[in-house]
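Architecture at a glance
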Amino acid sequence: MDRQRLSAFINAFDTDRDPLLTQLELESISQGIPIIRHEMISFLQVILKIVKPGRILEVGTATGFSALVMAAYSDPSCHIVTIEKDPDRITAAREHFSGTDMADRIRLIPGDAQEVLEMLANDPEHACGYDMVFMDAAKAQYIHFLPLVKRLMKPGAIMISDNVLQEGNLLESKYLIPRRDRTIYKRMRDYLYALKHDPALITSILPLGDGVALSYLREDSQAIG
Ligand SMILES: C[S@@+](CC[C@H](N)C(=O)[O-])C[C@H]1O[C@@H](n2cnc3c(N)ncnc32)[C@H](O)[C@@H]1O
């Protein structure tokens, strides 16, 4: 199946467009900022209505598009913590947040996600404190972030990991993958294996956008490990 045609077909049904988000989406695409694919917007919107998170953790802010999508479509009492390491993107994200009425609900923590996640996981205010995690940073690092992210999730929380199918590359034999992409290929396969074999998680891998893994942390996860 032609994936681009499929996406265009799905996206053509969209009606509910927030002008501010549409403008930021188009601006980000024209500047080559790697934001969520369009079909992820309504996916997040539905998930946010079902889960009704009070606190969301995002790993990988870029210039703030997905954080603003989550803020716009969640309850006004929902707070978002988002992590980014690129200084220019941090500046741009802060500008985008401050231009909205959602700025006081979004906290951007600058720094490398591994270090920030470690710091948060050891802070009682954050440990087991998140109802939803959106993982959207360097794909090869998801496998390293996972144990810390699990410590930050409340039992019963969900995690959405984006870009897990790597433009379909993950389906191919490793011999067809250019050498420079083999580390990310191996680590993403390991990550999907870890998500599916972790007894504390229930995960569905969906061929939406560039591939999404939707994981649920079991209520009895602390007893399981
Ligand atoms: C795909 S973009 C995020 C897009 C954003 N979620 C959106 O849709 O608007 C990934 C971002 O993660 C950041 N990133 C990658 N590795 C990181 C790390 N180890 N720590 C913090 N940020 C990281 C990159 O700088 C990049 O801006």
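Before reading further, recall that the structure is shown in the block above.
Report follows, based on the coordinates. (Residues numbered from 1 in each chain as written. Predicted model: local features only at pLDDT ≥ 70, side-chain atom pairs only at ≥ 80, totals over all residues. Heavy atoms only, no water.)

Considering the overall build of the protein chain
- Along the backbone of the protein chain there are nine helices and seven strands.
- What you see for the protein chain is a C-alpha radius of gyration of 17 Å, in line with the 17 Å of a compact globule of 225 residues.
- Judged by the C-alpha coordinates and their principal axes, the protein chain covers about 45 × 45 × 35 Å.
- When the 225 residues of the protein chain are sorted by exposure, 48% land in the buried category.
- Contacts in the protein chain between residues at least 24 apart in sequence constitute 71% of all its contacts with a sequence separation of at least 6.
- Side chains of the protein chain give 25 positive and 31 negative charges; the mean places of these two sets differ by 7 Å. (Helix = DSSP H or I, 4+ residues; strand = E, 2+ residues; numbered from the N terminus. Rg over C-alpha atoms; globule rule 2.2 N^0.38 Å. Buried < 20%, exposed > 50% of the residue type's maximum accessible area, 1.4 Å probe, protein only. Contact = heavy atoms within 4.5 Å. Lys, Arg positive; Asp, Glu negative; His and termini not counted. Charge placed at Lys NZ, Arg CZ, Asp CG, Glu CD.)

Some details on the packing of aromatic side chains
- For the structure shown, the criterion picks out two aromatic pairs.
- A ring pair is formed by Phe9 and Phe13, whose centres lie 5.1 Å apart and whose planes are at 85°; its orientation type is edge-to-face. Each member of the pair Phe9 and Phe13 is classed as exposed.
- When the ring of Tyr142 is compared with that of Tyr191, the centres are 5.3 Å apart and the planes differ by 65°; the resulting orientation is edge-to-face. With Tyr142 in helix H7 (residues 142-152) and Tyr191 in helix H8 (residues 182-197), this residue pair connects regions lying 49 residues apart in the sequence. For the pair Tyr142 and Tyr191, a shared accessibility class is recorded, and that class is buried.
- Lying across the ring of Tyr130, Arg55 places its NZ or CZ 4.9 Å from the centre. (Phe/Tyr/Trp six-rings, centres within 6.5 Å; stacked < 30°, edge-to-face > 60°. Lys NZ or Arg CZ within 6 Å of the ring centre and 35° of its normal.)

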